[in-house]
Amino acid sequence: MLGNLSLARLRQGEVDGAVDALHRAIDELEVTRGCGGLNVAFTAGQELRPWRDHAAVETAVERLFSPMSGA
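Attention here is on the structure that accompanies the text. Quick caveat: nothing in here was measured; it's all calculated off a predicted structure.

1. Some details on the pattern of salt bridges
Inspection of every chain in the model, using the stated rule, returns four salt bridges. Between Arg63 and Asp27 there is a salt bridge, and its shortest N-O distance comes to 2.6 Å. Here Arg63 is found in helix H4 (residues 55-63), whereas its partner Asp27 is found in helix H2 (residues 15-32), with 36 residues between them in sequence. The exposure class of Asp27 is partly exposed, given its relative accessible area of 36%. Here Arg63 and Glu30 are joined by a salt bridge, their closest N and O atoms 3.4 Å apart. Of the two residues, Arg63 is situated in helix H4 and Glu30 in helix H2; the sequence distance between them amounts to 33 residues.

2. Focus: the nonpolar core
Core analysis: the largest hydrophobic core is formed by 15 residues, its most contacted members being Val15, Val19, Leu22 and Leu48. If you list the elements that add at least two residues to this core, you get helix H1 (2-11), H2, helix H3 (35-47) and H4. Per element, the largest residue contribution to this core is six residues, and it comes from H2. Discounting residues that sit within four places of it in the chain, Leu22 has contacts with Ser6, Ala41, Ala44, Gly45, Leu48, Ala60 and Leu64.

3. Some thoughts on the packing of H2 against H4
Between H2 and H4, the shortest axis-to-axis distance is 10 Å and the interhelical angle comes to 20°. For the element pair H2 / H4, the angle class is roughly parallel. Handedness of the crossing formed by H2 with H4: left-handed. Within the contact between the two elements, H2 uses Val15, Val19, Leu22, His23, Ile26, Asp27 and Glu30 and H4 uses Ala56, Val57, Thr59, Ala60 and Arg63.

Reading guide: rules and limits
Residues numbered from 1 in each chain as written. Predicted model: local features only at pLDDT ≥ 70, side-chain atom pairs only at ≥ 80, totals over all residues. Heavy atoms only, no water. Salt bridge = Lys/Arg side-chain N within 4 Å of Asp/Glu carboxyl O. Helix = DSSP H or I, 4+ residues; strand = E, 2+ residues; numbered from the N terminus. Buried < 20%, exposed > 50% of the residue type's maximum accessible area, 1.4 Å probe, protein only. Core = buried A, V, L, I, M, F, W, Y, C linked by side-chain atoms within 4.5 Å. Contact = heavy atoms within 4.5 Å. Axes fitted to C-alpha atoms, helices over the stretch in contact; angles between N-to-C directions. Parallel < 35°, antiparallel > 145°, perpendicular 65-115°, else oblique. Left-handed = near helix turned anticlockwise from the far one by under 90°.

Here it is in structure tokens:
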């Protein structure tokens, strides 16, 4: 759900809102390890690529790998 919120905000041009929602989605994924949610979160991460030079985006995208590593 939060991954979809991230995508919706990004598609409305709200990069900061998208990053915030993505962080919250990752927080949930660290607990639930839901594969469907992980797919949506990665899609959001991919769509954030044009802003990858922003520190907040870089941090969020790096966090996408923590649910997979068991951190």
